[in-house]
Amino acid sequence: MAVRELSTAPNLASLYPKALLRRGGGSALPDTELVRPEVVVDPTHVAGYAEVCGFRFSDELPVTYPHMLVFGLQMALMTEPGFPFPLLGLVHVENRITQHRPLRLGETFSARVHAENLRPHEKGQQLDMVSELRVGEETVWTEVSTYLRRGSGSAPSGPRAQLTPPTPTALWHVPGDIGRRYAEVSGDRNPIHLHPLTARLFGFPKAIAHGMWTKARALASFEGRLPPAFTVEVRFKQPVLLPAKAAFTTWHTDDGWAFELWHARKPKPHLDGVISAL
């Protein structure tokens, strides 16, 4: 795999217009790993992220915060000429993060991103964006973001099961501007998250919450109860249309926790996840 170093973070403001124009090309994932060798965290940015997502501010980074450090590299790779799919046609369906130890303000990280495992899916094709943070030679944080490109699938999907929401642990009141607020701290200004008018251009009746905001908001509810090293896996299901009321449920498992987010009044699942200690 070819390694290409970037001395500065990709300019997300220029990548989104590029993403809107390109239609994809090629039939294979790029054999390239993008690397930023020195990434320093801005405490003011961490504080803003913590406020938007519901975390307390401390010298320990929220487990989902490093996604902010690798997202630009993911965007840069997915807008390269040889990437097989248009970025704005991809759906983030799963996300797995492993924190190998707590990450702290003041540390200098190297960030690495590559794409792998292009494979058929019943609704099209899937691929994984694999991201990693290191301190020296130590891998401290990894993420696998799975994206779906809708199209001709590998097999017909079966009938939908009748869904029954669990008893909620908490009720979320999700404000209508959370997409714009999260976009400000994350740089993820996909039009589907910003305004009902721009969301309708992509088939949504309203703006929708970022999947990674819902994951972060869920993890914020576990602060103080998680081990130093763990994996959290999430499946994104039906979008959260803004504004929203959502029912959040948690329960213990043999090696950690599980959680779900549902529409507050309908049998409509938004997200489910599992936290497992390493």
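Position numbers for residues count from 1 along each chain, tracking the sequence in the order it is written. Residues qualify for local features only when their pLDDT is at least 70, as the model is predicted, and side-chain atom pairs are given and counted only at 80 or more; totals for whole chains, interfaces and linings, by contrast, use all residues. The side-chain figures draw on all heavy atoms in the structure; neither hydrogens nor water molecules are used.

Let's shift gears to the overall build of the protein chain. Put simply, DSSP marks the helices as runs of H or I at least four residues long and the strands as runs of E at least two long, and each gets a number from the N terminus on. Scanning the protein chain for helices and strands turns up 6 helices and 11 strands. Against the globule reference of 19 Å for 278 residues, the protein chain gives a C-alpha radius of gyration of 18 Å, in line with a compact fold. Structurally, the protein chain occupies a C-alpha span of about 50 × 45 × 35 Å along its principal axes. Going through the 278 residues of the protein chain one by one, you find that 50% of them count as buried. Here a residue-residue contact requires only that any non-hydrogen atoms of the pair lie within 4.5 Å. Contacts in the protein chain between residues far apart in sequence, at least 24 positions, make up 72% of those at least 6 positions apart. Asp and Glu count as negative and Lys and Arg as positive, but His and the ends of the chain are not part of the count. The atom standing in for a charge is NZ when the residue is Lys, CZ when it is Arg, CG when it is Asp and CD when it is Glu. Here the protein chain holds 30 positive side-chain charges and 27 negative ones, and the gap between their average locations is 11 Å. All radius of gyration figures rest on C-alpha atoms, and the globule criterion is 2.2 Å times the number of residues raised to 0.38. The cut-offs for exposure are 20% and 50% of the maximum accessible area for each residue type, with area from a 1.4 Å probe on protein chains only; residues under the lower value are buried, those over the upper are exposed, and the others partly exposed.

With that out of the way, let us pick up helix α6 (residues 211-220). Most of α6 sits out of view: 8 of its 10 residues are buried. For α6, the complete set of buried residues consists of Met212, Trp213, Thr214, Lys215, Ala216, Ala218, Leu219 and Ala220.

With that out of the way, let us pick up the packing of aromatic side chains. Stacked, edge-to-face and tilted are the three classes for Phe, Tyr and Trp ring pairs, Trp counted by its six-membered ring, which pair at centre distances within 6.5 Å; planes under 30 degrees apart are stacked, over 60 edge-to-face, the rest tilted. Applying the stated criterion to the full structure yields 8 aromatic pairs. Summarising the aromatic geometry, the rings of Phe222 and Phe259 are spaced 5.7 Å apart at their centres and angled 55° between planes, so their arrangement reads as tilted. Residue Phe222 is located in the loop between α6 and β8 (230-236), and its partner Phe259 is located in strand β10 (residues 256-263); the two are separated by 37 residues in the primary sequence. With respect to class, Phe222 is no different from Phe259; both count as buried.

With that out of the way, let us pick up the UniProt feature "domain: MaoC-like" (unreviewed entry) in the protein chain. Look at the UniProt record and you will see "domain: MaoC-like" (unreviewed entry) annotated at residues 180-256. For residues 180-256, the helix share is 29%, the strand share is 23%, and the end-to-end C-alpha distance is 33 Å. UniProt positions are given in the numbering used here, feature names are shortened, and annotations may be inferred rather than shown by experiment.

Moving on: the domain arrangement of the protein chain. Splitting the protein chain by domain gives domain 1 (1-154) and domain 2 (161-277). The distance between the C-alpha centroids of domain 1 and domain 2 comes to 19 Å. Contacts between the two partners involve 30 residues from domain 1 and, on the opposite side, 28 residues from domain 2. We define a salt bridge as a side-chain nitrogen of Lys or Arg found within 4 Å of a carboxyl oxygen belonging to Asp or Glu. At the boundary of domain 1 and domain 2, one finds 1 salt bridge. Here a polar contact means two N or O atoms within 3.5 Å. Within protein one must be a hydrogen donor candidate and the other an acceptor candidate, and residues neighboring in sequence count only if both atoms are side-chain atoms. Scanning the region where domain 1 abuts domain 2 turns up 10 residue pairs in polar contact (both at pLDDT 80 or more). It is strand β3 (residues 90-99) that provides the largest number of residues to the side of domain 1 that touches domain 2, a total of 8 residues. Here the side of domain 1 that touches domain 2 is composed, by residue class, of 14 nonpolar, 10 polar and 6 charged. Domain ranges listed in this record stem from an automatic or a database domain assignment. Under the scheme applied, nonpolar residues are Ala, Val, Leu, Ile, Met, Phe, Trp, Tyr, Cys and Pro; charged residues are Asp, Glu, Lys and Arg; polar residues are all the others, including Gly.

Summed over the entire model, instances satisfying the criterion amount to 12 salt bridges. One salt bridge connects Glu80 with Arg4, and the closest N-O pair in it is separated by 2.1 Å. One end of the pair, Glu80, is in the loop between α3 (67-78) and β3; the other, Arg4, is in strand β1 (residues 2-5), with 76 residues separating them in the sequence. On the basis of relative accessible area, Glu80 is assigned to the buried category, the value being 15%. Residue Arg4 is classed as partly exposed on the basis of its relative accessible area, which comes to 38%.

If DSSP finds at least two bridges between two strands, the strands pair. Across the sheet, 11 strands lie side by side as β1-β2-β4-β5-β6-β3-β8-β11-β10-β9-β7; this open sheet has mixed pairing. On the outer flanks of this sheet lie β1 and β7 (170-174), each paired with one strand and no other. Direction aside, the axes of adjacent strands within the sheet are offset by 20° on average. In the sheet, strand β9 (residues 244-253) pairs with β10 via 8 bridges, with the strands oriented antiparallel. Considered in β10, the bridge of His252 is made with Trp257. With axes taken as lines fitted to C-alpha atoms, and helix axes fitted only over the stretch in contact, angles between N-to-C directions fall between 0 and 180 degrees. The strands that α3 touches are β2 (32-40), β3, β4 (108-121), β5 (124-135) and β6 (138-150); relative to β4, the one it contacts most, it runs at about 50°.

Okay, the packing of α3 against helix α4 (residues 178-186) next. The N-to-C vectors of α3 and α4 enclose an angle of 85°; their axes lie 10 Å apart at closest approach. When the interaxial angle is binned, α3 and α4 end up roughly perpendicular. Of the residues in α4, those in contact with His67, Met68 and Phe71 of α3 are Tyr182, Val185 and Ser186. Residue classes in the contact of α3 with α4 are distributed as 4 nonpolar, 2 polar and no charged. An angle counts as roughly parallel when it lies under 35 degrees, as roughly antiparallel when it exceeds 145, as roughly perpendicular when it falls between 65 and 115, and as oblique in every other case.

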